[in-house]
Amino acid sequence: MQKPIFCLIGLCLLLSSACAAAQTSKPAMPAPHSADADRSADMAATLPRDPDLKPVFEEFGGKPGLTAIVDDLMKNLMADPRTRHFFADVDRIRVKAKLVEQFCVILGGPCTYTGDSMQEVHRGLDIRRADFNALVEDLQKAMNQHDVPFRAQNKLLAKLAPMHRIIDEQ
């Protein structure tokens, strides 16, 4: 199995997104208030939305495709002894929803990310590079299961990569 060029770094963001969504157990549709607006503004500054990636969004199968991929990603994460502990006691439905939102935004899809800031939710989690690598492997497995072209996988991971600096505690 080929590994995407940006696996190591891309995993960082993915794990950050999952943990960010998992750390809070808010309802799926929180009532709007100033804290939510502040959080959305913070995330808008860090999510690298790229309208040029709209064709890649379509290669992922649009939002339904992303949802299926993230469902399989979560199954992979829970089956993987290297990552299971990060997700065992969290609201996995929320984690999946936030990952779909995040991927959709990054790939230029018609979504809005409503999750928490990466810095806030990862503080003190002791996330290491090996954790990132494991998550990327699990994500790649899920993308391969859904026949996402290798080039499209790399484009997503390249957009996710810069966020690793926010959460890496190594």
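What counts and how
- Residues numbered from 1 in each chain as written.
- Predicted model: local features only at pLDDT ≥ 70, side-chain atom pairs only at ≥ 80, totals over all residues.
- Heavy atoms only, no water.
- Helix = DSSP H or I, 4+ residues; strand = E, 2+ residues; numbered from the N terminus.
- Contact = heavy atoms within 4.5 Å.
- Areas by Shrake-Rupley, 256 points an atom, 1.4 Å probe, with all protein chains shown as cover.
- Core = buried A, V, L, I, M, F, W, Y, C linked by side-chain atoms within 4.5 Å.
- Buried < 20%, exposed > 50% of the residue type's maximum accessible area, 1.4 Å probe, protein only.
- Polar contact = N/O pair within 3.5 Å; in protein donor to acceptor, adjacent residues only side chain to side chain.
- Disulfide = S-S within 2.5 Å.
- pLDDT = per-residue confidence, 0-100.
- Axes fitted to C-alpha atoms, helices over the stretch in contact; angles between N-to-C directions.
- Parallel < 35°, antiparallel > 145°, perpendicular 65-115°, else oblique.
- Left-handed = near helix turned anticlockwise from the far one by under 90°.
- Expected span 1.5 Å × (residues − 1).

Student: Talk me through the overall build of the protein; I want residue IDs and the actual numbers.
Tutor: Across its full length, the protein holds 10 helices and zero strands. N-terminal to C-terminal, the α/β element order of the protein is α-α-α-α-α-α-α-α-α-α. Sequence separation of 24 or more characterises 85% of the internal contacts of the protein that already satisfy a separation of 6 or more. Summed over its atoms, the accessible surface of the protein is roughly 7,900 Å², and 55% of this surface lies on carbon and sulfur atoms.

Student: Describe in detail the nonpolar core, supporting the description with residues and values.
Tutor: Soluble globular proteins tend to bury their nonpolar side chains together. Among the nonpolar cores identified, the biggest contains 35 residues, and Phe60, Leu66, Phe87, Phe103, Leu107 and Leu156 are the most heavily contacted of them. Among the elements that take part in this core, helix α6 (residues 92-106) stands out by supplying seven residues, more than any other.

Student: Tell me about the environment of aspartate 131, residues and numbers included.
Tutor: For aspartate 131, the location among the structural elements is in helix α8 (residues 129-145). When the C-alpha positions of aspartate 131 and arginine 82 are compared, they lie 6.8 Å apart, and in sequence the two are 49 residues distant. In terms of polar contacts, aspartate 131 uses its side chain to reach the backbone amide nitrogen of arginine 128, at 2.7 Å.

Student: Describe in detail the state of the cysteines, supporting the description with residues and values.
Tutor: The final tally for this structure, using the stated rule, is one disulfide. There is a disulfide in this structure between cysteine 104 and cysteine 111, and the S-S distance comes to 2.0 Å. As the torsion about the S-S bond is roughly 70°, the cysteine 104-cysteine 111 disulfide counts as right-handed. Considered together, cysteine 104 and cysteine 111 belong to a single accessibility category, that of buried residues.

Student: I'd love a proper account of the confidence of the model for the protein, names of residues and values included.
Tutor: As a note on interpretation, predicted positions should not be read in detail where pLDDT is low. Per-residue confidence for the protein gives a mean pLDDT of 76, with 67% of residues at or over 70. Predicted confidence in the protein is weakest over helix α1 (residues 7-23), with a mean pLDDT of 41, and strongest over helix α4 (residues 62-79), with 98. Long-range and interchain partners of residues 1-45, a stretch whose pLDDT sits below 50, account for 109 contacts in this model, where long-range means more than four residues apart.

Student: Tell me about the side chain of asparagine 76, residues and numbers included.
Tutor: Mapping asparagine 76 onto the fold places it in helix α4. For asparagine 76, a relative accessible area of 15% corresponds to the buried category. Residues in contact with asparagine 76, not counting those within four places in the same chain, are Asp138, Lys141, Ala142 and Gln145.

Student: So what's going on with the packing of α4 against α6? Residues and values would help.
Tutor: Following both chains from N to C, one finds α4 and α6 inclined at 135°, their axes separated by 9 Å at the closest point. Overall, the two elements α4 and α6 adopt an arrangement that is oblique. As α4 runs across α6, the sense of the crossing is right-handed. Along the contact surface, α4 presents Lys63, Leu66, Thr67, Val70, Asp71, Leu73, Met74 and Met78, while α6 presents Arg92, Val95, Lys96, Leu99, Val100, Phe103 and Cys104.

Student: Would you mind going over α6 in detail, with residue names and values included?
Tutor: When the terminal C-alpha atoms of α6 are compared, their 21 Å separation across 15 residues agrees well with the 21 Å that a helix rising 1.5 Å per residue should span. Burial analysis of α6 places 11 of its 15 residues in the buried class, which makes it a mostly covered element. Within α6, burial applies to Arg94, Val95, Lys98, Leu99, Val100, Glu101, Gln102, Phe103, Cys104, Val105 and Ile106.

Student: Provide a residue-level description of the environment of aspartate 50, including the pertinent values.
Tutor: You can see aspartate 50 is positioned in the loop between α2 (34-46) and α3 (54-59). The class for aspartate 50 is buried, based on a relative accessible area of 15%. Distance from aspartate 50 to lysine 159, taken between C-alpha atoms, is 8.6 Å for residues 109 residues apart in sequence.

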